[in-house]
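For reference, the chains in residue letters:
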Amino acid sequence: MTTSSASGTEPGVSRRRLLLSGAAGLGAAGLGAAGGFALGAATATAGSGSPALPAVGAAVVPFHGTHQAGIELHPQAHTSYLAFDLAPSADRDGIRRMLRLISSDAERLTAGQPALADTEPELALTPARLTVTVGFGPGLVDRVDPGARPAWLAPLPAFSVDRLEPRWSGGDLLLEVAADDPMSIAHASRMLVKDIRRFASIRWRQDGFRNASGTTPAGATQRNLFGQLDGTANPAPGSEAFARVVWRTRADPAWLVGGTSFVLRRIAMNLDTWDELDRGSREQAVGRRLDTGAPLSGDREFDVPDLEARNALGLPAISAVSHLARARSADGAPQIMRRGYNYDLTAGGGTDAGLLFGSMQADPLAQFVPIQQRLAEVDLLNLWTTPIGSAVFAIPPGCGPGGYVGETLV
Ligand code: HEM
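To start, this report covers the structure provided alongside it. Small disclaimer: the values here were computed from a predicted structure and weren't measured.

Side note on the overall build of the chain
No. 1: When helices and strands are counted, the chain shows eleven helices and twelve strands.
No. 2: Here the chain holds 410 residues, and 50% of them are scored as buried.
No. 3: By sequence separation, contacts in the chain at least 24 residues apart represent 78% of the contacts at least 6 residues apart.
No. 4: Surface exposure of the chain reaches about 17,100 Å², of which carbon and sulfur atoms provide 55%.

Following this line, the structure appears as structure tokens:
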């Protein structure tokens, strides 16, 4: 995945020059997953005389590609997950029409251009790395062709820690609309919901945030609301490990080759009882230091955790019941690609905050479920966390110009 700029960053600088020189200025916001930048044609259409856009607002992630946009990149600062229920009347033809509309407007909006019937076209001109990623729930695939639904595209098995609420679970269709600017997300979501409303209605919406662009070093691991560095042991975008963990290569089913699966768990975090813990106990719960994120067996964030290491008292440095010890695979290789966004809806009546825990993997039953099963059995972190929402989606591959996401199924 690469990024480019949709408009100028400095008055008086030609767009072409900016595109060729602006990469360095993109900083945290514009770092391409594989370190590259697309220097393609600029697409934003700010009127002449209007002030040029800063790099964060102008940054563009291309919509077209083998894989859908919005997956293999350093996550944007904000996201909106929107799940829809299909209308009873939405048949295969209707679903095809809907997916064409979504793809065509997503292509425009992510390039910094107004949607086809845009009522507020000015709001489209600051894409800020806007991406729109489309996912299919079990209901949509069944509506098109029940024989095309892989066995894993179904609700996850029940876990003992689950306290799932229907209002945060399930869905026939998913749109993840993410960007470094919530204005860009609000506008794009509104345009896309207008496209969809003849065919489906919103089931739930979950909004999440990370650090704003430019507030932490480019590519740095983000913190969750417990204050922990969260995402250290993740495959890096552009790496061989990322491809192995995330992308589907086997033609079972053929329509998902180049796609992936997405599990979204809404996990409530009890910040009030977490506050009562001393720092040492907090670090023991995960097995990592809070300041540097280093494993309790090491010194630096990316030191490989040593589950056999002992501390000065001769006790295990990393507790066997810590989150790290329980979540880690036997050989230490990542099995899933985690993408956490924080949420905080506290509004009186107690804290309502937590993590939108997204997990991407080629096969959720083989990769996600065994980890969640281990964590449900034993994990110190369970004392402060409760899964309250759960949904599974198939993420079809990307499409080329003139095509639409989902064409391989529909
Ligand atoms: C609110 C809930 C959760 C919190 C606060 C949390 C937090 C953390 C933290 C701080 C780390 C260590 C740093 C890192 O490698 O990212 C971590 C690691 C990890 N977590 Fe979670 N996590 C949560 C839920 C989950 C869930 C639901 C799963 C999977 C079912 C999961 C799987 C993992 C894995 C696989 C690792 C990496 C272990 C390793 O290989 O070292 N976590 N988590």
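Quick word on the site of the ligand
No. 1: Taken together, 25 residues lie near the ligand, and Gly231, Ala233, His323, Arg328 and Arg338 sit nearest.
No. 2: One of the backbone nitrogen or oxygen atoms of Gly231 is found 2.5 Å away from an oxygen atom of the ligand.
No. 3: With respect to the ligand, the side chain of His323 contributes an N or O atom lying 2.9 Å from a nitrogen atom.
No. 4: Every element with two or more residues in the shell around the ligand is listed here: β8 (229-230), β9 (260-269), α10 (323-327), β11 (353-361) and α11 (364-377).
No. 5: Here the shell around the ligand gets four residues from one element, more than from any other, and that element is α11.
No. 6: Of the residues contributing to the shell around the ligand, the split by class is 14 nonpolar, seven polar and four charged.

Overview of the coordination of the iron atom of the ligand
Each pair of donors in an ideal four-coordinate tetrahedral metal site encloses 109.5 degrees, whereas pairs in an ideal six-coordinate octahedral site enclose 90 or 180 degrees.
No. 1: The sole protein-derived ligand of the iron atom of the ligand is His323 (NE2), positioned 2.0 Å away.
No. 2: Positionally, His323 belongs in helix α10.

Conventions we followed
- Numbering of residues starts from 1 in every chain and runs along the sequence as written.
- Reporting in this predicted model follows two pLDDT cut-offs: at least 70 for local features of residues, and 80 or more for side-chain atom pairs to be given and counted; totals over whole chains, interfaces and linings ignore these cut-offs and use all residues.
- Based on all heavy atoms of the structure, the side-chain values leave hydrogens and waters out of the count.
- Strands here mean DSSP runs of E at least two residues long; helices mean DSSP runs of H or I at least four residues long; both are numbered from the N terminus.
- The cut-offs for exposure are 20% and 50% of the maximum accessible area for each residue type, with area from a 1.4 Å probe on protein chains only; residues under the lower value are buried, those over the upper are exposed, and the others partly exposed.
- Contacts are residue-level and defined by heavy atoms, with any inter-residue pair within 4.5 Å sufficient.
- Working definition of accessibility: Shrake-Rupley area with a 1.4 Å probe, residue cover restricted to the visible protein chains.
- For this description, a residue counts as near a given molecule or strand if any of its non-hydrogen atoms is within 4 Å of it.
- What qualifies as a polar contact is a pair of N or O atoms within 3.5 Å, subject to a donor-acceptor requirement within protein and to the restriction that residues adjacent in sequence count only when both atoms come from side chains.
- In this classification, the charged set is Asp, Glu, Lys and Arg, the nonpolar set is Ala, Val, Leu, Ile, Met, Phe, Trp, Tyr, Cys and Pro, and all remaining amino acids, among them Gly, are polar.
- Counted as coordinating are nitrogen, oxygen and sulfur atoms within 2.8 Å of the metal, or 3.2 Å for Na, K and Ca, while water is not included, which may make sites look incomplete.

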